[in-house]
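In case you want the letters, here they are:
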Amino acid sequence: MPDKPSSSAFTRFLYENSLLLVGAVLILLALVGQTLTGWHEYNADLEQMKLLPLTLKQYLGSGHFLEATFENWESEFLQMGLYVVLTIWLRQKGSSESKKLYEKEEVDQEPDPSNPDAPGPVKRGGWQLTLYKNSLTIAFFLLFFACVWLHAKGGAEIYSIEQQQEGKPTVTTVDYMGTSRFWFESFQNWQSEFLSIVSIVGLSIYLRQKGSPQSKPVNDANDKTGK
């Protein structure tokens, strides 16, 4: 195992967590941009309907913000959850995103409770180990269903305001989930996430990016499967 670089604890922390930290900053910047532009956009819509504009604080609790945010998040968690599950059993010859075609890999091995570095659930075994072995998939799908509900809750609020403007009855969150509008919003995001799965799996067969763990080594043959 290579030695850790000699640097301050803070510098090491930044280096060892840089991928997650940069990703979190990008999420925050995009969310701030979405919030500010969405706030102005929604207030313009409210003005057209002769309704009072919202303050920024009010907007953060509005259906418009909830729908815009969680409509997209639900598709991301669905993509990752499905990708984790599908890559357990399915293969793609030549893709760096696939497990090897015929050999067993380390991720297929049963966890070893005697490993001193094993997490607590592995050492304790039983139901805790069973839950832990599937915890990544469970987490993604729980987040997906939570986002579906929040998407529907926000969408129901906007839809009800539009209905009131036309003298029609409002809808509950569950009612809104039965509308074609809700499913159109969902499917248009889901298909783009499935496209991203197909793109990374397919393009990684023939294309390379030196230095990226998502790519095979540059000199590997196209039909080499896995990392």
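Here the structure is shown first, and the text comes after it.
The model shown is predicted, which means the values in this text are computed figures rather than measured ones. (Residues numbered from 1 in each chain as written. Predicted model: local features only at pLDDT ≥ 70, side-chain atom pairs only at ≥ 80, totals over all residues. Heavy atoms only, no water.)

Colleague: Looking at this structure, I do not really get the layout of surface pockets. What am I missing?
Modeller: Empty space left among the atoms is revealed by rolling a probe the size of a water molecule over them. By volume, the largest pocket is sized at about 1100 Å³. Lining the largest pocket are 32 residues, and of these Ile 88, Lys 99, Glu 106, Val 107 and Asp 108 lie nearest its centre. At the level of elements, helix H4 (63–89), helix H6 (126–133) and helix H7 (135–165) are the ones that each hand at least two residues to the lining of the largest pocket. Broken down by element, the residue count for the lining of the largest pocket peaks at six residues, all from H4. Its residues assigned to classes, the lining of the largest pocket comprises 10 nonpolar, nine polar and 13 charged. Looking at the second largest pocket, its volume works out to about 220 Å³. Tyr 83, Leu 86, Thr 87, Ile 197 and Val 201 are, among the 13 residues lining the second largest pocket, the residues nearest its centre. Elements supplying a minimum of two residues to the lining of the second largest pocket: H4 and helix H9 (180–206). Its residues placed into classes, the lining of the second largest pocket shows eight nonpolar, three polar and two charged. (1 Å grid on protein atoms, 1.4 Å probe; cavity = no way out; pocket = protein on both sides within 12 Å on 5 of 7 lines; lining within 4 Å. Points joined across faces, edges and corners; volume = space filled by probe spheres on them. Helix = DSSP H or I, 4+ residues; strand = E, 2+ residues; numbered from the N terminus. Nonpolar A, V, L, I, M, F, W, Y, C, P; charged D, E, K, R; others polar.)

Colleague: What is the right way to read the nonpolar core from this model?
Modeller: In a soluble, globular protein the nonpolar side chains are often hidden away together inside. Formed by 14 residues in total, the largest nonpolar core has its most connected members in Phe 77, Phe 144, Tyr 176 and Phe 182. Breaking this core down by element, the ones donating at least two residues are H4, H7 and H9. It is H7 that contributes the most residues to this core, six residues altogether. Among all residues touching Tyr 176, those that are not within four sequence positions of it are Glu 67, Ala 152, Gly 155, Ala 156, Tyr 159, Val 171, Arg 181, Phe 182 and Glu 185. By size, the runner-up hydrophobic cluster in this structure holds six residues, among which are Leu 46, Tyr 59, Phe 65 and Ile 158. (Core = buried A, V, L, I, M, F, W, Y, C linked by side-chain atoms within 4.5 Å. Buried < 20%, exposed > 50% of the residue type's maximum accessible area, 1.4 Å probe, protein only. Contact = heavy atoms within 4.5 Å.)

Colleague: Would you take a moment to explain the packing of H4 against H9 for this structure?
Modeller: Helix-helix packing is described using two parameters, namely the angle between the two axes and the distance between the axes. Contact geometry of H4 with H9 gives a least axis separation of 9 Å together with a crossing angle of 40 degrees. Viewed along their axes, H4 and H9 adopt a mutual orientation that is oblique. In the crossing of H4 with H9, the sense of the turn from one axis to the other is right-handed. Residues Glu 67, Glu 71, Asn 72, Glu 74, Ser 75, Glu 76, Leu 78, Gln 79, Leu 82 and Tyr 83 of H4 lie in contact with H9, whose contacting residues are Glu 185, Ser 186, Gln 188, Asn 189, Trp 190, Glu 193, Phe 194, Ser 196, Ile 197, Ile 200 and Val 201. Considering only residue class, the contact of H4 with H9 consists of eight nonpolar, seven polar and six charged. (Axes fitted to C-alpha atoms, helices over the stretch in contact; angles between N-to-C directions. Parallel < 35°, antiparallel > 145°, perpendicular 65-115°, else oblique. Left-handed = near helix turned anticlockwise from the far one by under 90°.)

Colleague: I'm lost on unusual backbone geometry in this one. Help?
Modeller: Keep in mind that most residues, glycine aside, have a negative phi and that most peptide bonds are trans. Backbone geometry places Lys 50, a non-glycine residue, at a positive phi of 60 degrees. Among the structural elements, Lys 50 can be located in the loop between helix H2 (18–48) and helix H3 (56–60). Note on Lys 50: relative accessible area 76%, which makes it exposed.

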